[in-house]
Amino acid sequence: MRIDLSCPVENRGVTVKTNSATNEPYALFKLFNLSEKVVLGVKFTARAYDAYGKELGSIPVELTDLDGQPKSPFAINKGVSLSEISEAKHVVADITEVTFSDGEVYTVSEENMTEINYIQPEYDEVTRLKSVAGSDAACYAQDPGPYWVCVCGRANKQEDTVCVRCARDKQTSLNKFSSHDKINKAIEEKRVAEEQAEQERLAEEARQKEMKKKKMLKTAAVAACCVVCAAVLIAAGRFIYGFAVTKIADGKAQEGKYLEAYQMYRSVNSKNIGNVSEKVKGNSFSNLIQSGILTADEENLYYIDNKMMLVKENKNTGEKTQLGESQGVNLCISGEWLYFMDPNSGELNRIKTDGSITESVTAEQISFYITIGNDLYYLAQDADAAQDITSAQQQQQQVSMALYRMDTESKKTTKISTASLYALDFYKGKIYYIDSDADNQLFVMDANGKNVRTVVDQPVYGFAIYDDVIYYSNGNMQEGATMPDLTLESISLTGENKQTLVSDKKVGLITALADGIYFTNYDDSFLYCLNPETKEVTQTPLTDFNVYNIADGYIYYMSTAGEMIKMKTDGSAVDNMGILDPTGGSSQTTESTTETSEAEVSAQPAE
């Protein structure tokens, strides 16, 4: 590949998405400012390729009014329309011009181009490399002569003594991370250093204990006895109370009263909460990332009709009831409440399952939510960071998001995390999520946001969890490839036992259920199902759709013609609601006016 090593901006990744309101593709570019100055504008050529690597064409793009801070990513939410190249599956950006805040303009020229060749280690070797060089390590450090390559994967000019991307020292990178043997040496040095640090910690801990023991001996015997007795009584009381509540909750769970059991477990922070959390989840993560148009409880299905009105259908009798007069998407069921998002305002509301009461839950706009019993986890603007955002950042939608948890009974809200997560699921008491600032790797953390751990240390395009197994779409990009692998992989909750399940399809959306692992294929418009035991892949009856949801043996989907259709997973019992009309009228047009796009298209291709 040929790059301009002096160019102050590089593209670190491209995501191609589809605007769910207009069904038009757009691209999000993760640009990175390598310079020490603020970038105000960037011009580049976007070259588009189809799923097979064939170049479809290119469009000139100009992004202005930016705020690209030094050594930082920027323009992440600046969508570029691909309506003129609607078949695009992969896009490459060639930077041509960069404008700085001081008025200087850098122009990329052919004479500054350098041919770059990388030596890419095997996957296991990259994992070993990351263990000593850092999570951003991508390849061996190399010095072929005209340039040198940092362990982070960035090529630098020969005279650069530190990497322009990560600021690693050139000699250190080459001396420690340029070969298999040197990695072995670095791993051994790290092990020795860790052992020495542990010995020093234990010695300091012993010294502190000895000092504490001497101080305690100076305390009066009677006073010490009183303190110890009080502490024992308090600890015993807490233990006895927690034990008693947990035992009562265990009984509730055995009786099938999962919501009551979940609330009791939460009140005493019981580890048994994982036994019932899946029973009280308001909807599956797979459904919610596809507009959440279907969910279910033991007795009823809940979905939206062709006018986006809320419908309850008895699973035994087939009787249908419209709930209230509100339109909604992203449905979640929790006890006697059906939660839904207003498709126009983005506010979260809820309605009694008998339709008697409708009320607002959050006044602010939220981008994603899920209910677990009486806990509501949702993504919204970080209230603490909002006051520091400039008006220019607001116009560019550069808003910091945070994950919150609300107790829907008391309305008490707690900030859980400020990580750049955009896809999250709650499974057995823990939160699994993709972090866009960490190359789309998959992480897990406790329900309170603590004990963050990496589960999949490679790009993940989508995932689903069932029966303690994570199924995900592999986002690795092979050398010379024009789009990611998108193979279907499985891995344990602890990040072990990784397996490739489907390699002959480009896996997109995934739904993991007892009867199989459902997934879409980027190369066609079909829905497939993998039998996790036999590893057999079959094509389902669903072959014409934009979004699909699955619950209790039913598939509810919107066809490419805009029809809302419900049927069983075997293709029987088809119920056609008609063409979606989000205005609430009787029009049969397929145009959708709901504002549910995932990013605003703010940069249009030049005429």
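Our structure's up above, just so we're on the same page.
Being a predicted model, the structure only gives us computed values, none of them experimental. (Residues numbered from 1 in each chain as written. Predicted model: local features only at pLDDT ≥ 70, side-chain atom pairs only at ≥ 80, totals over all residues. Heavy atoms only, no water.)

Asker: Pulling in residues and values, what's your account of the overall build of the protein?
Answerer: Helix and strand content of the protein: eight helices and 41 strands. Put simply, the protein has 607 residues, and 45% of those count as buried. Long-range pairs, those at least 24 residues apart, make up 46% of the contacts in the protein between residues at least 6 apart in sequence. Accessible surface, the protein: about 30000 Å² in total, of which carbon and sulfur atoms supply 49%. (Helix = DSSP H or I, 4+ residues; strand = E, 2+ residues; numbered from the N terminus. Buried < 20%, exposed > 50% of the residue type's maximum accessible area, 1.4 Å probe, protein only. Contact = heavy atoms within 4.5 Å. Areas by Shrake-Rupley, 256 points an atom, 1.4 Å probe, with all protein chains shown as cover.)

Asker: With reference to specific residues and values, describe the nonpolar core.
Answerer: Y369, L403, L424, I431, Y432, F463 and I470 are the most contacted members of the largest nonpolar core, which totals 78 residues. If you look at the next biggest cluster of nonpolar residues, it comprises 28 residues, including F29, V42, F44 and I95. (Core = buried A, V, L, I, M, F, W, Y, C linked by side-chain atoms within 4.5 Å.)

Asker: Provide a residue-level description of the sheet that holds strand β28 (residues 453-456), including the pertinent values.
Answerer: Spatial ordering of the open sheet is given by β25-β26-β27-β28, a layout of four strands whose pairing is antiparallel. In this open sheet, the two strands that pair with only one neighbour each are β25 (421-427) and β28. Pairwise comparison of adjacent strand axes, ignoring direction, gives a mean angle of 30° for this sheet. In the sheet, strand β27 (residues 441-446) pairs with β28 via three bridges, with the strands oriented antiparallel. The residue bridging L442 from the neighbouring strand is V456, located in β28. (Pairing = 2+ DSSP bridges. Axes fitted to C-alpha atoms, helices over the stretch in contact; angles between N-to-C directions.)

Asker: Got a sec to walk through helix α5 (residues 258-267)? Specific residues and values, please.
Answerer: Among the residues of α5, A261, Y262 and Y265 are the ones counted as buried. Take α5 and look down its axis: the buried residues cluster within an arc of 100°, on one side only. Downstream of α5 by one or two residues, N269 has phi in the positive range, about 55°. (Arc of directions from axis to C-beta.)

Asker: Give me the lowdown on the sheet that holds strand β31 (residues 488-492), citing residues and values where you can.
Answerer: Pairing within the open sheet is antiparallel, and its four strands lie in the order β29-β30-β31-β32. Among the strands making up the open sheet, the edge pair consists of β29 (460-466) and β32 (499-502). Strand after strand, the sheet turns through a mean of 30° between neighbouring axes, direction not considered. Alignment of β29 against strand β30 (residues 469-474), held across five bridges, turns out to be antiparallel. What sits directly across from F463, in β30, is Y472.

Asker: Outline the environment of S109, listing residues and values.
Answerer: By secondary structure assignment, the location of S109 is in the loop between β9 (105-107) and β10 (113-115). A polar side-chain atom of S109 sits 3.2 Å from a polar atom in the side chain of N112. (Polar contact = N/O pair within 3.5 Å; in protein donor to acceptor, adjacent residues only side chain to side chain.)

Asker: Could you give me a rundown of the pairing of strand β14 (residues 300-304), with the residues and numbers involved?
Answerer: Of all five residues making up β14, five are buried, and the element is well covered by its neighbours. Residues N300, Y302 and I304 line one face of β14 and the alternating positions L301 and Y303 line the opposite face, and both faces are buried. Sheet topology places strand β13 (residues 294-296) next to β14; three bridges connect them, and they run antiparallel. Of the residues in β14, the one forming a bridge with T295 is Y302. Here β14 pairs with strand β15 (residues 309-314) via five bridges, running antiparallel. What sits directly across from N300, in β15, is N314. Joining the antiparallel neighbours β14 and β15 is a turn of four residues, in which M308 adopts a positive phi near 65°.

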